[in-house]
Amino acid sequence: MVTQHDYDGVGSFRSVSKRKKPTRRFNDFEIRSYANADIIAGIRWHYPADLDTSITKFNLISKYLVTDKGVLYATHNFTRGYTIMEKACYKNARLKVEEYDTKLAVANASESRYHEKKAITRWKKLRQEYLATCSAIDDARKQKRLTRLSDKSTVAVSFNDAYSYSDEQKRELAERGIEVKTLGIKDKVEALGYTVKEHTNRFKIKVYDAMSRTFRTEYLEY
């Protein structure tokens, strides 16, 4: 099976096999950065009908954003594979680094004369240049991308909040004459107009039973 990715335009995935599977296309594309201006420029280029002038990011988690026309997007980092040319260049650079590592190790183990010290300086410089080549290739593979979530009308985001009081806790505190002044994440998100639902989670622990001399499983809710 052969896969190809189009990184200059809208991201795509093409699958070719004997069964001739249908082509799958993912509606994501690369942008320069996650700054608002670059996000807007990317949307205008790939999906101009999705946006007029602005976007709004979710204050709690900046992964999600919505355009002023109500279309949802998500940001995500992506590392593409090596091209054939990059793979060859990277392999050659790594071999050169290993070659100069060997030369430097041999030179450092012996008593070097003046002309050998000059060679060591040159080897170190070339080694750093080949390492920089590897870093440049890897940096070029790292992409910032946007995914169009047009099929979704809402996005649910989970978060832990140790600073907000539940409605029941607030009532109990009010009955005791205690005013709640600290605002947690829940309070701040609700103030922005979002709907927040509370869920009880639990985690598993092992407790040693001295009587049976075995561990039993218990669950603690939070």
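Residues numbered from 1 in each chain as written. Predicted model: local features only at pLDDT ≥ 70, side-chain atom pairs only at ≥ 80, totals over all residues. Heavy atoms only, no water.

S.K.: Is there a simple way to think about a nonpolar patch on the surface in this case?
M.R.: A grouping of Phe203, Leu220 and Tyr222 is seen on the molecular surface, where their side chains present a nonpolar patch of about 310 Å² in accessible area. Here tyrosine 222 is to be found in the segment after strand E7 (214–221). (Patch = residues over 30% accessible without salt bridge, like charges linked within 9 Å, V, L, I, M, F, W, Y side chains within 5 Å. Areas by Shrake-Rupley, 256 points an atom, 1.4 Å probe, with all protein chains shown as cover. Salt bridge = Lys/Arg side-chain N within 4 Å of Asp/Glu carboxyl O. Helix = DSSP H or I, 4+ residues; strand = E, 2+ residues; numbered from the N terminus.)

S.K.: Explain the environment of alanine 107 to me, please; I cannot follow it from the model alone.
M.R.: As for its placement among the helices and strands, alanine 107 is situated in helix H2 (residues 84–109). Put simply, alanine 107 and isoleucine 120 are 13 residues apart on the chain and 7.4 Å apart in space, counted from C-alpha to C-alpha.

S.K.: When you look at H2 in this model, what are you seeing that I'm missing?
M.R.: It helps to recall that an α-helix has 3.6 residues per turn; residues three or four apart then point in one direction. In this model H2 runs 38 Å from its N-terminal to its C-terminal C-alpha over 26 residues, within 8% of the 38 Å that 1.5 Å per residue would give. Those residues of H2 lying buried are Glu86, Ala93, Val97, Tyr100, Leu104 and Ala107. (Expected span 1.5 Å × (residues − 1). Buried < 20%, exposed > 50% of the residue type's maximum accessible area, 1.4 Å probe, protein only.)

S.K.: Help me out: how do you make sense of the sheet that holds strand E1 (residues 28–31) in this one?
M.R.: Two modes of strand pairing occur in sheets, parallel and antiparallel, and in both the strands are linked by backbone hydrogen bonds. Across the sheet, 5 strands lie side by side as E1-E5-E4-E3-E2; this open sheet has antiparallel pairing. Strands at the two margins of the open sheet, each flanked by one partner only, are E1 and strand E2 (55–57). Taken pair by pair, the neighbouring strands of this sheet meet at an average axis angle of 35°, ignoring direction. Pairing between strand E3 (residues 64–67) and strand E4 (residues 72–79): 3 bridges, direction antiparallel. The residue bridging tyrosine 64 from the neighbouring strand is alanine 74, located in E4. Against the sheet, helix H1 (residues 36–46) contacts E1, E2, E3, E4 and strand E5 (142–148), and its axis sits at roughly 135° relative to E1. (Pairing = 2+ DSSP bridges. Axes fitted to C-alpha atoms, helices over the stretch in contact; angles between N-to-C directions. Contact = heavy atoms within 4.5 Å.)

S.K.: For this particular structure, what's the right way to read unusual backbone geometry?
M.R.: Only a minority of non-glycine residues have a phi that is not negative, and only a minority of peptide bonds are not trans. Of note in this structure, arginine 213 is not a glycine but carries a positive phi near 60°. Relative to the assigned elements, arginine 213 resides in the loop between strand E6 (202–209) and E7.

S.K.: Is there a simple way to explain the nonpolar core in this structure?
M.R.: Side chains that are nonpolar tend, in soluble globular proteins, to be buried together. Listed in full, the 12 residues of the largest apolar core are Phe29, Ile31, Ile39, Ile40, Ile43, Tyr47, Leu51, Ile55, Leu65, Val71, Tyr73 and Leu146. Elements that contribute at least two residues to this core include exactly E1 and H1. Broken down by element, this core gets its largest block of residues, 3 residues, from H1. Excluding residues that lie within four positions of it along the chain, isoleucine 40 makes contacts with Leu51, Thr53, Ser54 and Ile55. One finds Tyr100, Leu104, Ala119 and Ile120 within the second-largest nonpolar core, a separate group that totals 6 residues. (Core = buried A, V, L, I, M, F, W, Y, C linked by side-chain atoms within 4.5 Å.)

What is shown is where atoms sit, not what they do.
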